[in-house]
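Analysis of the macromolecular model
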Amino acid sequence: MSEFFTLISPEAAFDKLRSNLNFIIKTQEIATEDAYYRVLSEDIYSPINLPSFTKSTMDGYAVRATDTYGATASLPTYLTLVDEISMGTTPSFHLSQSEAALIHTGGMLPKNADAVVMIENTQKTHSNEIEVCQSVSIGENILNIGEDVTKSSQIMPEGTLLRPQEIGALMALGITSVHVSNKPIVGIISTGDEVVHPSKTINPGQVRDINSYTLSALITSAGGIPKRYGIIEDDFDSLFSTAQKANTECDIVLIIAGSSVSHRDITSEIINQLGDPGVLLHGITIKPGKPTIVGIAQNKPILGLPGNPVSALVVATILLKPTISHLQGSKIANFTPTIAAILSQNIPSVAGREDHVPVLLTTNDNTVYARPIFGKSNLIFTLVNSTGKLIVPINSTGLIKDSQVDVHLY
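Now for a description of the structure that goes with this document. Remember, it's a predicted structure, so these values are computed and weren't measured experimentally.

Another point: the overall build of the protein chain. A tally of helices and strands in the protein chain yields seven helices and 28 strands. The C-alpha radius of gyration of the protein chain comes to 30 Å, more than 25% above the 22 Å expected for a compact globule of 410 residues. Once the C-alpha set of the protein chain is aligned to its principal axes, its extents read approximately 95 × 50 × 40 Å. In the protein chain, which comprises 410 residues, the proportion classed as buried is 44%. In the protein chain, once contacts between residues fewer than 6 apart in sequence are set aside, the share between residues at least 24 apart is 72%. A total of about 20300 Å² of accessible surface is found on the protein chain, and carbon and sulfur atoms cover 50% of it. Averaging the positions of the 27 positive and the 39 negative side-chain charges in the protein chain gives two centres separated by 8 Å.

This is the structure in structure tokens:
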């Protein structure tokens with residue numbers, strides 16, 4: 001490559017990748033209990049009302065609300081206790097004027113009952129009589145039929161990411177299987193004559209393969225399936241053959257350590273030969289991770305990632321994670337939780353690039369502080385020793401000590 005790459009922002013890079021993809025989402029039917037963190041490929045409609053019966057939200061007494069009006073601690077109302085409602089049963093009786101029935105949380109109200117008096121607001125005066133010390137209004141301490149979900153209503157649209165609460169909601173409706181998008185398979189190709197397997201004893205000038213394993217973990221956490229293709233030597237034919245195989249077998253391909261400006265770095269040429277449109281861009285305005293390559297071949301995204309472990313993980317978080325979500329039709333944005341903190345020291349930067357700086361969070365006197373972990377992009381322990389990262393904006397020349405910052409948690 002005879003000339004340096006042209007840089008664009010990470011957001012523009014992902015938009016360019018997304019706008020050039022034309023793919024069909026593959027789907028499968030799986031058991032709901034196995035669908036955690038999968039993406040729905042269909043709209044879900046409720047087959048029933050939820051609740052399907054009027055139920056109590058408290059331990060207490062089912063009553064007709066009008067029979068309690070005016071009741072106070074100093075002037076209580078007396079009601080006749082007619083029965084106890086067993087859990088999981090349908091009451092066979094109905095309430096008449098000035099009657100009450102003992103009910104437990106989740107129990108079904110008898111006919112004519114329209115409220116529940118909390119047990120704390122009553123006194124039992126006789127075996128068949130209670131004293132009500134506080135009035136209730138119609139609908140108080142109960143859930144009506146369909147109050148949570150009404151029958152035939154859409155409860156989850158296509159593209160919903162199934163979290164624990166969605167799994168529980170589906171089970172509550174008796175939906176025990178769902179159609180979801182297939183998990184994208186992400187091929188990982190590590191390159192470099194100096195790179196060896198982590199189990200090997202290294203010689204001077206060699207390094208163990210870190211990226212294949214950090215990226216595999218990230219892919220799994222993002223909802224993808226990693227597929228490692230081993231370590232490929234710096235040889236065009238070997239790398240092209242492996243990339244071609246990965247592009248056939250996978251939905252996304254990562255080529256690691258072939259993106260910097262060097263006569264030995266051949267990733268761009270490989271991507272162009274795999275198919276149209278080939279390389280879309282080379283270089284994004286972030287540090288670390290600037291020499292990233294983004295391409296498409298056979299309607300499959302191909303990312304050329306820097307070989308430095310910190311750079312590779314930063315770029316994968318910014319570009320790979322949302323791509324995995326996009327290929328599943330997820331409606332959830334690429335979101336990471338943030339926490340506000342006070343910066344413990346200055347962070348210098350250069351206008352025109354977006355700096356991603358690892359930080360360690362600490363607390364002192366109930367104040368959260370962010371301490372920058374400075375280090376070069378090939379030092380993996382700068383990430384190990386950090387809690388999250390903060391982003392220095394692209395047009396900033398740095399951040400000032402004692403200023404408030406948003407830390408993106410890992």
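So, about the nonpolar core. In this structure, L215, L254, L319 and L320 are the most contacted members of the largest nonpolar core, which totals 33 residues. Counting residues per element, the ones that place at least two in this core are helix 1 (10-19), strand 13 (185-191), helix 3 (211-221), strand 17 (252-256), strand 18 (277-282), strand 20 (293-297), strand 21 (300-305) and helix 6 (309-327). With ten residues, the top contributor of residues to this core is helix 6. Dropping the residues within four chain positions of it, L319 is found in contact with P10, A13, F14, I284, T292, V294 and L303. Within the second largest apolar cluster, 17 residues are counted, among which are A246, I293, A297 and I302.

For the rest of this paragraph, the subject is the sheet that holds strand 8 (residues 122-126). Taken together, six strands build an open sheet; the order of strands is 7-4-6-5-9-8 and the sheet is mixed. Each edge of the open sheet is held by one strand with a lone partner, namely strand 7 (115-118) and strand 8. Looking at each pair of strands side by side, their axes are set apart by 40° on average, direction ignored. Two elements, strand 4 (residues 60-63) and strand 6 (residues 99-103), share four bridges in a ladder whose sense is antiparallel. Among the inter-strand pairings, A62 is bridged to a residue of strand 6, identified as A101.

In a regular helix each residue adds 1.5 Å, so 14 residues correspond to 20 Å; helix 4 (residues 236-249) covers 20 Å between its end C-alpha atoms and thus fits that length. Taken residue by residue, helix 4 has L239, F240, T242, A243, A246 and N247 as its buried positions. Buried residues in helix 4, looked at end-on, bunch into an arc of 170°, giving them a common side. Across helix 4 from its buried face, at more than 90 degrees, point the exposed residues D237 and T248. In this structure, the buried residues of helix 4 make contact with strand 13, strand 16 (225-232), strand 17, helix 5 (267-274), strand 20 and strand 21. The backbone nitrogen of D237 has a side-chain oxygen 3.3 Å away, supplied by the residue at the start of helix 4, namely D235.

Look at helix 1 against helix 6: their axes get within 10 Å of each other, and the N-to-C directions meet at 35°. Between helix 1 and helix 6 lies a crossing of right-handed hand. Contacts from P10, A13, F14, L17 and R18 of helix 1 reach helix 6 at I318, L319, P322, T323 and H326. For the contact of helix 1 with helix 6, the per-class residue count stands at seven nonpolar, two polar and one charged.

Another point: the pattern of salt bridges. Considering all chains together, one arrives at six salt bridges under this definition. The closest approach of N and O atoms between R18 and D15, which form a salt bridge, is 2.6 Å. Of this pair, R18 and D15 both sit in helix 1, separated by three residues, roughly a single helical turn. Notably, a salt bridge pairs R163 with E166, separated by 2.7 Å at the nearest N-O pair.

On to the sheet that holds strand 16, then. Taken in spatial order, the six strands make up an open sheet running 16-13-17-21-20-18, and their pairing is mixed. Either end of the sheet is taken by a strand with one partner, and the two such strands are strand 16 and strand 18. Averaged over all adjacent pairs, the angle separating strand axes in this sheet is 20°, with direction ignored. Inspection of the sheet shows strand 18 paired to strand 20 by five bridges, in the antiparallel sense. If you follow P277 over to strand 20, its bridge partner there is A297. Sitting on the sheet, helix 4 is in contact with strand 13, strand 16, strand 17, strand 20 and strand 21, with an inclination near 170° to strand 16.

Reading guide: rules and limits
- Just so you know, the residues in each chain are numbered from 1, in the order the chain's sequence is written.
- Restriction of local features to residues with pLDDT of at least 70 applies here, the model being predicted, together with a cutoff of 80 or more for giving and counting side-chain atom pairs; totals for whole chains, interfaces and linings are based on all residues.
- Excluded from the side-chain calculations are hydrogens and water; all other atoms, namely the structure's heavy atoms, are used.
- Going along the chain from the N terminus, every DSSP run of H or I of four or more residues is numbered as a helix, and every run of E of two or more is numbered as a strand.
- Taken over C-alpha atoms, the radius of gyration is set against a globule rule of 2.2 Å times the number of residues to the power 0.38.
- In this scheme, a residue with accessible area under 20% of its type's maximum is buried, one over 50% is exposed, and one in between is partly exposed, where area comes from a 1.4 Å probe on protein chains only.
- The contact criterion used is simple: two residues touch if any of their non-hydrogen atoms lie within 4.5 Å.
- What sets the accessible areas is the Shrake-Rupley method with a 1.4 Å probe; for residues, cover comes only from the shown protein chains.
- In this tally Asp and Glu are treated as negative and Lys and Arg as positive; neither His nor the chain ends contributes.
- The atom standing in for a charge is NZ when the residue is Lys, CZ when it is Arg, CG when it is Asp and CD when it is Glu.
- Here the nonpolar core consists of buried residues drawn from Ala, Val, Leu, Ile, Met, Phe, Trp, Tyr and Cys, with membership extended through side-chain atoms lying within 4.5 Å.
- A pair of strands is treated as paired once DSSP finds two or more bridges between them.
- Each axis is a line fitted through C-alpha atoms, and for a helix only the stretch in contact is used; angles between axes span 0 to 180 degrees, taken between their N-to-C directions.
- Helix span, as expected, comes to 1.5 Å for every residue beyond the first.
- Each direction from the helix axis to a C-beta atom contributes to the arc, which is the arc of those directions.
- Under this definition, polar contacts are N or O atom pairs within 3.5 Å; protein pairs additionally need one hydrogen-donor-capable and one acceptor-capable atom, and for neighbouring residues in sequence, both atoms have to be side-chain atoms.
- Note on convention: near helix rotated counterclockwise from far helix by under a right angle means a left-handed crossing. Clockwise means right-handed.
- Side-chain classes follow a simple rule in which Ala, Val, Leu, Ile, Met, Phe, Trp, Tyr, Cys and Pro form the nonpolar group, Asp, Glu, Lys and Arg form the charged group, and the remainder, Gly included, forms the polar group.
- Between Lys or Arg on one side and Asp or Glu on the other, a salt bridge is scored when a side-chain nitrogen of the former is within 4 Å of a carboxyl oxygen of the latter.

Keep in mind that these numbers describe shape and distance, not what the molecule does.
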